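Structural description and commentary
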Amino acid sequence: SELNELYFADMEYVFSLTPSQEGLYAQYFQSTETKTYQLQSLTRINKETNLELIDKSVELLSLRHEVLKSAFTVLKSTGAIKQVILDNRKPEFSIITKDESYNQETLDKLVTEDAEKALDLQKDSLFRVTVIDERYILFHSHHIILDGWCLPVIISDLQRYYGKLAEGVSVEEITEEIQKEVTETTSYAEYANWIKKQDTNAVTEYWQNLLSDSETS
């Protein structure tokens, strides 16, 4: 099949987009070079950190949140847009180190340069983490996989995994905990498939009836 040709051994599973994702993909499809709907968050590091442990913590995130391993593709035969979870796709982690002292202007420039890097929804990791001079962590993602509500959850999990690793808990032990959490929660794929099965006409009628008496300005 088309998907097997594209991803084959790397593909965990495939599912359809939610309505909001379809809208975001349509915006992206109009211009693949657009930086619209890309999210950034800059966090200051207030204590000495172990960069190797941050790297490992970022990898653990993709075990807990499968959406971070997403790719998006259009099937040539049908035109259908599919979200693919790739087993080997990991969040991108990088380190920027400068010799000179950082000032606000330097930091702003780096953040702007990061924002100017358009994401390819099929080829690129859609979640990247950059440590800047061991003073800041810059998170960058595409809105098609994360929104402003989700990002704090992701950052909180990163801090949790880093804290455990710093305490000497092994990657294997944390992985076991994550696997248990995953089995006890609804996956994004399950949510997307549930959305697809909903009666959109009934939903539209419900909101039309509910808002029929509302005043408009």
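Quick look at the structure, then. Predicted model, so just to flag it, every value in this text is computed and none were measured.

Another point: the packing of aromatic side chains. Within the structure shown, the criterion is met by seven aromatic pairs. Here the aromatic rings of F15 and Y188 are separated by 6.3 Å at their centres, their planes lie at 50°, and the arrangement is tilted. Within this pair, whereas F15 is found in strand β1 (residues 11-16), its partner Y188 is found in helix α7 (residues 188-196), the two being separated by 173 residues in sequence. Residue F15 is classed as buried on the basis of its relative accessible area of 2%. Through a chain of ring-to-ring contacts, three or more aromatic side chains come together here, namely Y13, F15, Y188 and Y191.

To continue, consider the sheet that holds strand β7 (residues 136-142). Pairing in this open sheet of four strands is mixed, and the strands run β2-β7-β6-β5 from one edge to the other. One side of each edge strand has no neighbouring strand; the edge strands of this open sheet are β2 (38-44) and β5 (92-96). Strand-to-strand twist in this sheet, taken as the mean axis angle between neighbours without regard to direction, amounts to 15°. By the bridge criterion, seven bridges tie β2 to β7 in an arrangement that is antiparallel. Directly across from R44, in β7, lies its bridge partner Y136.

Moving on: the side chain of T49. Topologically, T49 is positioned in the loop between β2 and α3 (51-64). Discounting residues that sit within four places of it in the chain, T49 has contacts with I54, E134 and Y162.

Before going further, it helps to spend a moment on unusual backbone geometry. Located in the positive-phi region is D133, a residue other than glycine, with phi close to 50°. Positive phi values are uncommon outside glycine, yet E134 reaches one of about 55°. With respect to the helices and strands, the residue E134 is situated in the loop between β6 (127-132) and β7.

All right, on to the nonpolar core then. One finds F127 and I145 to be the most contacted residues of the largest nonpolar core, which totals 35 residues. When residues of this core are traced back to their parent elements, those giving at least two are α2 (19-30), α3, β6, β7, α5 (150-166) and α6 (171-184). For this core, the leading source of residues is α5, giving seven residues. The contact partners of F127, leaving out residues within four places of it in the chain, are L61, L68, P91, E92, F139, H140, S141, I145, L146, L151 and I154. Counting residues in each nonpolar core, the second largest holds six residues, with L107, L110, I132 and L138 among its members.

On to the packing of α3 against α5. α5 packs onto α3 with a crossing angle of 125° between their chain directions and a minimal axis gap of 9 Å. In terms of axis orientation, α3 runs oblique to α5. Crossing angle aside, the handedness with which α3 passes α5 is right-handed. Residue-level inspection shows L53, I54, K56, S57, V58, L60, L61 and R64 of α3 in contact with α5, the latter providing I154, D157, L158, Y161, Y162, L165 and A166. In terms of residue class, the contact of α3 with α5 is built from eleven nonpolar, one polar and three charged.

A word on a nonpolar patch on the surface. The grouping of V203, Y206, W207, L210 and L211 at the surface amounts to a nonpolar patch, some 520 Å² of accessible area in total. Structurally, Y206 is set in helix α8 (residues 200-211).

Below, the discussion takes up the environment of A80. Relative to the helices and strands, A80 is located in the loop between β3 (70-74) and β4 (81-86). Between the C-alpha atom of A80 and that of L17, which follows or precedes it by 63 residues, the distance is 9.5 Å. Those residues in contact with A80, other than ones at most four positions away along the chain, are T73, V74 and L75.

With 14 residues, α3 should cover 20 Å at 1.5 Å per step; its first-to-last C-alpha distance of 20 Å lies within 8% of that length. At its buried positions, α3 is contacted by β5, β6, β7, α5 and α6. The distance from a side-chain oxygen at the start of α3 to the backbone nitrogen of E52 is 2.9 Å, and the residue carrying that oxygen is N50.

Taken in spatial order, the three strands line up as β1-β4-β3 in an open sheet, and their pairing is antiparallel. Looking at strand neighbours, the two that pair on one side only are β1 and β3, the edges of this open sheet. Along the sheet, successive strands turn relative to each other by an average axial angle of 30°, direction set aside. With five bridges joining them, β3 and β4 adopt antiparallel strand pairing. Counterpart to T73 in the pairing with β4 is K82. Relative to the sheet, α7 contacts β1 and β4, its axis offset from that of β1 by approximately 25°.

The rules we used
- Residues numbered from 1 in each chain as written.
- Predicted model: local features only at pLDDT ≥ 70, side-chain atom pairs only at ≥ 80, totals over all residues.
- Heavy atoms only, no water.
- Phe/Tyr/Trp six-rings, centres within 6.5 Å; stacked < 30°, edge-to-face > 60°.
- Helix = DSSP H or I, 4+ residues; strand = E, 2+ residues; numbered from the N terminus.
- Buried < 20%, exposed > 50% of the residue type's maximum accessible area, 1.4 Å probe, protein only.
- Pairing = 2+ DSSP bridges.
- Axes fitted to C-alpha atoms, helices over the stretch in contact; angles between N-to-C directions.
- Contact = heavy atoms within 4.5 Å.
- Core = buried A, V, L, I, M, F, W, Y, C linked by side-chain atoms within 4.5 Å.
- Parallel < 35°, antiparallel > 145°, perpendicular 65-115°, else oblique.
- Left-handed = near helix turned anticlockwise from the far one by under 90°.
- Nonpolar A, V, L, I, M, F, W, Y, C, P; charged D, E, K, R; others polar.
- Patch = residues over 30% accessible without salt bridge, like charges linked within 9 Å, V, L, I, M, F, W, Y side chains within 5 Å.
- Areas by Shrake-Rupley, 256 points an atom, 1.4 Å probe, with all protein chains shown as cover.
- Salt bridge = Lys/Arg side-chain N within 4 Å of Asp/Glu carboxyl O.
- Expected span 1.5 Å × (residues − 1).
- Polar contact = N/O pair within 3.5 Å; in protein donor to acceptor, adjacent residues only side chain to side chain.

Nothing here speaks to function; it is all geometry.
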